[in-house]
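So you can see what is in the structure, the chains are spelled out below.
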Amino acid sequence: MSKETAGNTVYRKNYSPYPWRLLQAKFRFEIDAETTRVFTEMELEPGGGHSKAADIELDGQDMELVRVALNGRALEPGEFTCDAERLVVHGAKAGGRLEIESLIHPQNNTALEGLYPSGKFLLTQCEAEGFRKIAYFPDRPDVMTRYDVTLVADRSRFPVLLSNGNPVESGELDDGRHWVRWVDPFAKPSYLFALVAGDLACVEDHFTTRSGREVALRIYVEHENFDKCSHAMESLIHSMKWDEDRFGLEYDLDIYNIVATNDFNMGAMENKSLNIFNSKYVLASPDTATDADYQGIEGVIGHEYFHNWTGNRVTCQDWFQLTLKEGLTVFRDQEFSSDMHSRAVKRIQDVRDLRSRQFPEDSGPMAHPIRPDKYKEISNFYTMTVYQKGAEVIRMYHTLLGEDGFQAGMRLYFERHDGAAVTCDDFLAAMADANGVDLELFSRWYAQSGTPELSARGDYDQAACRFTLQLSQKTPPTYDQPEKKPLLIPVSMGLLTRSGEALPLALEGEEGHPETRVIILDREEKSFVFNNVPEHPVPSLLRDFSAPVKLDYPYSNADLALLMAHDRNAFTRWEAAQTLAQREILANVERRAKNQALQLDPALVPAFSALLDDMETDPALIAEALSLPGEEYLAEMMPVIDVDGIHAARKFVKSSLANTLEKPLFDRYRSLLSPGPYDKSPASMARRSLRNVCLSYLMETAAGIGCANEQFATSDNMTDSLAALRGLVWSGAPSAAAALDTFENRWQHDALVMDKWFAIQASVPGPGTVGRVAELVRHPAFSIRNPNKVRSVIGVFALMNPTAFHASDGSGYRLHADKVIELDALNPQVAARMAGAYNAWTRYDDRRRELMKSQLSRIAATTGLSGDVSEIIHNALGME
Ligand code: 0A1
Ligand code: ZN
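The paragraphs below set out a description of the structure included in this document.

### Considerations on the sheet that holds strand β8 (residues 86-89)
Taken in spatial order, the three strands of this open sheet run β4-β8-β7, and their pairing is antiparallel. Of all the strands in the sheet, just β4 (56-59) and β7 (80-82) have a single pairing partner and so form its edges. Along the sheet, successive strands turn relative to each other by an average axial angle of 10°, direction set aside.

### What to know about the site of ligand 1
Residues in contact with ligand 1 amount to 14 residues; listed here are only the nearest, E127, E270, E304, E326 and Y387. With respect to ligand 1, the side chain of Q125 contributes an N or O atom lying 3.1 Å from an oxygen atom. In this structure, K325 approaches ligand 1 through a side-chain N or O atom, which is 3.5 Å from a nitrogen atom. About the coverage of ligand 1: the protein hides 96% of its 370 Å² of free accessible area. At the level of elements, β20 (268-269), α2 (291-306) and α3 (322-340) are the ones that each hand at least two residues to the shell around ligand 1.

### Section: the packing of aromatic side chains
Counted according to the given criterion, the structure contains 40 aromatic pairs. Between the aromatic rings of F758 and F782, the centroid separation amounts to 6.2 Å while the plane-to-plane angle is 70°, which identifies the pairing as edge-to-face. With a gap of 24 residues between them, F758 in helix α19 (residues 751-762) and F782 in the loop between α20 (768-776) and α21 (787-800) connect regions that are remote in the sequence. When the centroid spacing of 5.1 Å and the interplanar angle of 75° are considered together, the rings of F805 and Y813 count as edge-to-face. Taking NZ or CZ as reference, R332 lies 4.6 Å from the ring centre of F247, over its face. Above the plane of the ring of W841 lies R849, whose end atom (NZ or CZ) is 5.9 Å from the centre.

### Quick notes on the nonpolar core
Note on soluble globular proteins: their nonpolar side chains tend to be buried together. F29, L98, Y397, F427, L469, F530 and F608 are the most contacted members of the largest nonpolar core, which totals 285 residues. The element that contributes the greatest number of residues to this core is helix α5 (residues 384-417), accounting for 13 residues. Not counting residues within four places of it along the chain, the set of residues in contact with Y397 comprises G402, F406, F427, L428, M431, L439, F442 and Y446.

### Quick look at the packing of α19 against α20
The relative placement of two packed helices comes down to the angle between their axes together with the axis-to-axis distance. Packing of α19 against α20 leaves a shortest axis separation of 9 Å and a crossing angle of 155°. It follows that α19 is roughly antiparallel to α20 by the angle criterion. Of the residues in α20, those in contact with W757, F758, Q761 and A762 of α19 are T769, R772, V773 and L776. Among the residues forming the contact of α19 with α20, the class breakdown is five nonpolar, two polar and one charged.

### Comments concerning the packing of helix α23 (residues 811-824) against helix α24 (residues 828-835)
Interaxial distance between α23 and α24 falls to 8 Å at its minimum, and their mutual angle equals 160°. Between α23 and α24, the angle falls in the class roughly antiparallel. In the packing of α23 onto α24, the handedness of the crossing is left-handed. Along its contact with α23, which presents H816, V820, L823 and D824, the element α24 presents P828, V830, A831, M834 and A835. For the contact of α23 with α24, the residue count by class is seven nonpolar, one polar and one charged.

### Some thoughts on the pattern of salt bridges
The final tally for this structure, using the stated rule, is 69 salt bridges. Between K325 and E127 there is a salt bridge; the shortest N-O distance is 2.7 Å. Of the two residues, K325 sits in helix α3 while E127 sits in the loop between β11 (121-125) and β12 (145-154), which places them 198 residues apart along the sequence. With respect to burial, K325 and E127 carry one shared label: buried. Taking the shortest distance from any N to any O, the salt bridge between K651 and E700 comes out at 3.1 Å. One end of the pair, K651, is in helix α13 (residues 643-660); the other, E700, is in the loop between α15 (682-698) and α16 (704-714), and 49 residues separate them in sequence. For K651, a relative accessible area of 41% gives the class partly exposed.

### Comments concerning the coordination of the zinc ion (ligand 2)
In the first shell of the zinc ion (ligand 2), the protein supplies H303 (NE2), H307 (NE2) and E326 (OE), at 1.9 to 2.1 Å from the metal. Considering all four donor atoms around the zinc ion (ligand 2), the spread of angles at the metal, 98 to 128°, places the coordination shape in the tetrahedral class. Coordination of the zinc ion (ligand 2) draws on donor residues from a single chain, spaced H-x3-H-x18-E in sequence. On the criterion of sequence distance, the pair formed by H303 in helix α2 and E326 in helix α3 is long-range, its members being 23 residues apart. Grouping residues by exposure puts H303 and E326 together as buried.

### Quick word on the state of the cysteines
Counted under the stated rule, the structure contains zero disulfides. No disulfide involves C316; its sulfur sits 7.3 Å from the nearest other cysteine sulfur, which is in C424. A residue is classified by how much of its surface remains accessible, and C316, at 0% relative accessible area, is buried.

### A look at the environment of E298
For E298, the position within the fold is in helix α2. Residue classification places E298 among the buried positions, given a relative accessible area of 6%. Sequence separation between E298 and V149 is 149 residues; the distance between their C-alpha atoms is 31 Å. The contacts of E298, once residues within four sequence positions are left out, are H231, S235, H238, F336, M340 and H341. At a separation of 2.7 Å, a polar atom in the side chain of E298 contacts the side chain of H341.

### A look at helix α8 (residues 557-566)
Residues of α8 that are buried: D559, L560, L562, L563 and M564. For α8, the elements touching its buried residues are β27 (489-496), β32 (538-541), α9 (570-593) and α10 (604-613).

### Observations regarding the environment of S163
Mapped onto the secondary structure, S163 falls in strand β13 (residues 160-163). Each C-alpha atom of the pair S163 and D614 lies 53 Å from the other, and the pair is 451 residues apart in sequence. What S163 contacts, discounting residues up to four positions off in sequence, is V149, L151, W182, F193, A194, L195 and L274. From its side chain, S163 meets the backbone oxygen of A194 in a polar contact 2.8 Å long.

### Quick notes on the sheet that holds strand β9 (residues 96-104)
The eight strands are arranged β6-β5-β9-β3-β2-β12-β15-β14 in an open sheet whose pairing can be described as mixed. Each having just a single partner strand, β6 (73-74) and β14 (166-172) make up the two edges of the open sheet. Note that β12 and strand β15 (residues 177-188) share nine bridges and pair antiparallel. Its bridge partner being in β15, V149 is matched across the sheet by W182.

### Looking at the pairing of strand β25 (residues 453-461)
Judged from the nine bridges that link them, β25 and strand β26 (residues 466-474) form a sheet pairing that is antiparallel. In the sheet register, G458 faces β26, and the bridge partner there is L469. Once β25 ends, the chain turns through four residues before running back antiparallel as β26, passing C465 with a positive phi of about 50°.

### Observations regarding the environment of L865
The residue L865 is located in the loop between α25 (846-860) and α26 (867-877) in this model. Spatially, the C-alpha atom of L865 lies 7.5 Å from that of A825, the residues being 40 residues apart in sequence. Look past the residues within four positions of L865 in its chain and what remains in contact with it is D824, I859, A860 and S870.

Reading guide: rules and limits
- Residues numbered from 1 in each chain as written.
- Chains lettered and ligands numbered in written order.
- Predicted model: local features only at pLDDT ≥ 70, side-chain atom pairs only at ≥ 80, totals over all residues.
- Heavy atoms only, no water.
- Pairing = 2+ DSSP bridges.
- Helix = DSSP H or I, 4+ residues; strand = E, 2+ residues; numbered from the N terminus.
- Axes fitted to C-alpha atoms, helices over the stretch in contact; angles between N-to-C directions.
- Near = heavy atom within 4 Å.
- Polar contact = N/O pair within 3.5 Å; in protein donor to acceptor, adjacent residues only side chain to side chain.
- Areas by Shrake-Rupley, 256 points an atom, 1.4 Å probe, with all protein chains shown as cover.
- Phe/Tyr/Trp six-rings, centres within 6.5 Å; stacked < 30°, edge-to-face > 60°.
- Lys NZ or Arg CZ within 6 Å of the ring centre and 35° of its normal.
- Core = buried A, V, L, I, M, F, W, Y, C linked by side-chain atoms within 4.5 Å.
- Buried < 20%, exposed > 50% of the residue type's maximum accessible area, 1.4 Å probe, protein only.
- Contact = heavy atoms within 4.5 Å.
- Parallel < 35°, antiparallel > 145°, perpendicular 65-115°, else oblique.
- Nonpolar A, V, L, I, M, F, W, Y, C, P; charged D, E, K, R; others polar.
- Left-handed = near helix turned anticlockwise from the far one by under 90°.
- Salt bridge = Lys/Arg side-chain N within 4 Å of Asp/Glu carboxyl O.
- Donors = N, O, S within 2.8 Å, 3.2 Å for Na, K, Ca; no water.
- Tetrahedral: all angles 85-135°; square planar, octahedral: opposite > 155°, others 65-115°.
- Disulfide = S-S within 2.5 Å.

See the structure below:
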């Protein structure tokens, strides 16, 4: 990827292949925390795009170069140049064997990219461009080669030495060091390289693939966590089985290693046969992990495992294609979780997440298509858009082609591209060719940013028994793209009678489909005429959220109540409840702004009360329906965000419902008490989920504190303990401080549980939390060097607690900016995530805009600001 730069922006259109073919890469790492010596040996020959005069350009950062030799001859100064970003070997002609010796200093690496320390061990993180901090190398995903890696280290400090592939040899040196040689038989790009060295415990199991390969499964953790790996191991086994059953994909090596670390910038990393995980996504026991943690572990273990085919066997040509592996792999992990648990609940949770985090990204200064056209710092593009909207795009292929058509497309994709580095266009072509369809129009989803607005209108002709549904679309301009074109939007739908019966769906000239069908909007406007419709129907639209759009249909509240009670599709039933609640909350935001009294539409009460009385439906679904839309999503609905109004109105609606429905809430809460000890079955998780939603409503009533105190005192699991603690702390209960102390005393030695203790306090609504956060960052268990701690305190406060972060005196912004600046000097990637808190700054009132702008300017003016934070801040400032 030639980094043709215009103020160091990288453009997709400037892609050109690497002029050399890399036949082999051999490494010898003499590992030591202070200084690690790296010997690199590469076999190069001219490749596609090679010109005779070509130099050999290698990426390299934060390293010391000791020696370079070509074909056995040490190069003289003048035969190569080396600067802070690359090593260039001049006049390499036909290539040959290039040898390099270099030094790195892992101990000083606080950015957690490259080779770095965590606790008492050393590990690597290479995606996207971290390998260049380990060795001089063509650090780009389209350069794939086989790795032969020898690790040498002191046996007592580093008894475990791991890399990708298989251990083929090992031995002892007479100075107390030992060595292991690992060979990975699969060619791979450098971002999938990993090494781990240290004293770790290993939990082992095995899996037999359906063609009979015996795979050793090993999870490496720090010794004290040895007993917290069983759920991760089970999840891995389930993932391997599921990928065989649903996608026909088998594991391809004899070893699958996972290493858990407390110090990780992201969730986990899919390095070939040596995954590295944030310990949050490995370690669990009922008393330390919540049900959400258990599900998160299953999802992330699945995600990394599924990358072995979608990402590793077939990888990305360049980083603009990131969604090729990420959107697809998120889709696969979503499907895995849906097949393992409730499909409807998973869909609801994913859509909630998309709306509250991806929609704002698309309407803010970092808006980009799922396949971006340019970037400054690639780490800033591991986004909700590339991942979650990318997964929605894959889901639309699935909706359009069906499971069989989709799987045929996947088979063709692997047939054509196994072992190669390819593009999103290649994926689309495989889907189109396998199904004999033209997906030209669909390709716009890759190129266009922004959330499309889908507007639907119905017209009923009684005499002709005909219902006409008129659909139209418009994507508002985004910061990166002023002009938008119509997209291909699949709309899954049904029609309901006023008594909730499903009507057959017969378009003109058709026999009719029962209950659900997918109609396709492929231009700006289109009408669909349904025949034999005996009465004015209520349309059920966008079932299962068949496209990532904002839907507008003029439903009456009665229509919504009907859909909520009778629609065949669980997602649209939930959606109707959300829309009802959202209308009610936004109406109260308006009343409050006009100094009018807040009020609850009495029609809402029976709809919510019916949910509490429903003993048939999955309790987890009822819990979702009772959960009001979040403040971030409500903010998306307002041209000027009224932070305090949204919070007050939402609280008013919740509290009014809670006090009106106190008795049924209390009864349901009581009835859901688990009869026995904790178990992690989906049914038990569903009961806890509904019970704790009831508790959160009850916290608005006189009964709440009593329930929470009792639950906190008697719970045998983290899900219930934490829900009770949150209830007490958020409601400012007299017992809250003591409960926090009890919790802290019990868990002070467990980093992951302490993250929860921090997060609960940083999430308390209201400006008072600014002072509390200032105290939390001074707590001995807090460390700004640890990303999980940063996310639990600064991330929760700045990205998930609007009434605290946006405290009207600007104190939240000041504190946050101080921390972003401090963090940037240590870990730019995580600092850049935190800096995203200002992304919607132009949508607030004048006073807050000014206050935010001055902090943005202060950050921008910091000397030595990283490229990561600079890109985020300058984009935000550029919005004016
Ligand atoms: N490929 C990983 C995500 C990941 C990206 C960057 C990282 O370090 C900066 C780490 C992980 C995934 O999708 O799981
Ligand atoms: Zn991924």
